Amino acid sequence: MSTIRALLRNTVLPAAEARTLLAHLLAHYFQLPKSALISRDEMLLSSDFLTTWQALEKRRMNGEPIAYLIGKRPFHQIELMVNAAVLIPRPETELLVDLALQEMVQQRQQNPASTLRILDLGTGSGAIALAIASTFKDLPGSANPPQIMATDVSPEAIRVAKLNAAYLKQDQSIEFIVSNWYQALPQPQWTATFDLILCNPPYIHAEDDHLQQGDLRFEPITALSDGKDGLSCLRAIIADAPLFLRPQGFIAVEHGYDQLSSVLEMMAQAGLQEVRSYTDLAGIPRVVSARKAI
Ligand code: GLN
């Protein structure tokens, strides 16, 4: 037998991680809130519970990401279910969401009656599409909800994204389709359709050591890296964006720490205008946006 307090004192894990994992188990087995870590810290835990805890502790020690162990991750103003089929949403990507929301509010001011059409390429858990759908309705002046299309090449990822949409009650606002970037959106049907295109593609260079380290080892490699120079997906997405954007439509993509100049060049080559770069909270250039000409 052990108590919550003893278990937290003796764990080999960093304190914050141990608390997150233990709170998850206490919620799962006893429907207890996180505050039980303090308010019930003398609670005796059965040997079965301890066995479960030790197994979880061991998996974390082996590097499995906390988000996969507890099956969820907060992102922007929502919480997403995640498993090993999808990239764990990162705080950097909230920057892309905020930029998109800002642009959506602006576009709506210019044309209040129209319904915004948005394309999220490589949606994974549905993070970008769902954060936008969940937040936009609460912003001032929202009349029509946006029509969002979210694609992913992985059917497993689309399954997770759809579960998240159902859980967040957004299944009516987003259409999820299996597609390799724009492939399932044939021309001319989708020509010049979208007001916004958003994408967080796999941009890590295949040789980058980080892929062999820490939590990244457990994430789907195809969501992290293109298997090449890290720029090939960005190239494909940016090169075809003018076909799918309406005139004055907006594109924003996330990119790697050393890819800013390459992405700026791709945007210019695609004939896109008003190209802008944004840094993440760590001060690293992380997102580039641009606009299609009239
Ligand atoms: N920003 C992520 C990382 O480093 C990479 C995600 C991506 O490739 N889109 O870990």
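Here the structure is shown first, and the text comes after it.
1. So, the site of the ligand
In step 1: Near the ligand the following residues occur: Arg 90, Glu 92, Asn 200, Pro 201, Pro 202, Tyr 203, Ile 204, Ala 223, Leu 224 and Glu 254.
In step 2: Side-chain polar atom of Arg 90 to an oxygen atom of the ligand: 3.0 Å apart, as the coordinates give it.
In step 3: The separation between a nitrogen atom of the ligand and a polar side-chain atom of Asn 200 is 2.7 Å.
In step 4: Coverage of the ligand by the protein amounts to 88% of the 290 Å² it exposes when considered alone.
In step 5: Across the shell around the ligand, the residue classes tally to 6 nonpolar, 1 polar and 3 charged.

2. Some remarks on the pairing of strand 3 (residues 72-75)
In step 1: Of the strand pairs in this sheet, strand 3 and strand 4 (residues 78-81) are connected by 4 bridges, and their pairing is antiparallel. Note that in strand 4 the partner of Lys 72 across the bridge is Met 81.

3. Details of unusual backbone geometry
In step 1: In this model, Gln 187 is joined to Pro 188 through a cis peptide bond whose omega is 0 degrees.
In step 2: Examined against the element boundaries, Pro 188 turns out to sit in the loop between strand 7 (174-178) and strand 8 (194-199).
In step 3: You will see that Lys 169, though not glycine, has its phi angle at about 60 degrees, which is positive.
In step 4: Locating Lys 169 in the fold gives a position in the loop between helix 8 (155-167) and strand 7.
In step 5: Of note, Ala 192 is a non-glycine position whose phi angle comes to about 50 degrees, a positive value.
In step 6: Residue position: Ala 192 is located in the loop between strand 7 and strand 8.

Rules used in this analysis
Residues numbered from 1 in each chain as written. Predicted model: local features only at pLDDT ≥ 70, side-chain atom pairs only at ≥ 80, totals over all residues. Heavy atoms only, no water. Near = heavy atom within 4 Å. Polar contact = N/O pair within 3.5 Å; in protein donor to acceptor, adjacent residues only side chain to side chain. Areas by Shrake-Rupley, 256 points an atom, 1.4 Å probe, with all protein chains shown as cover. Nonpolar A, V, L, I, M, F, W, Y, C, P; charged D, E, K, R; others polar. Pairing = 2+ DSSP bridges. Helix = DSSP H or I, 4+ residues; strand = E, 2+ residues; numbered from the N terminus.

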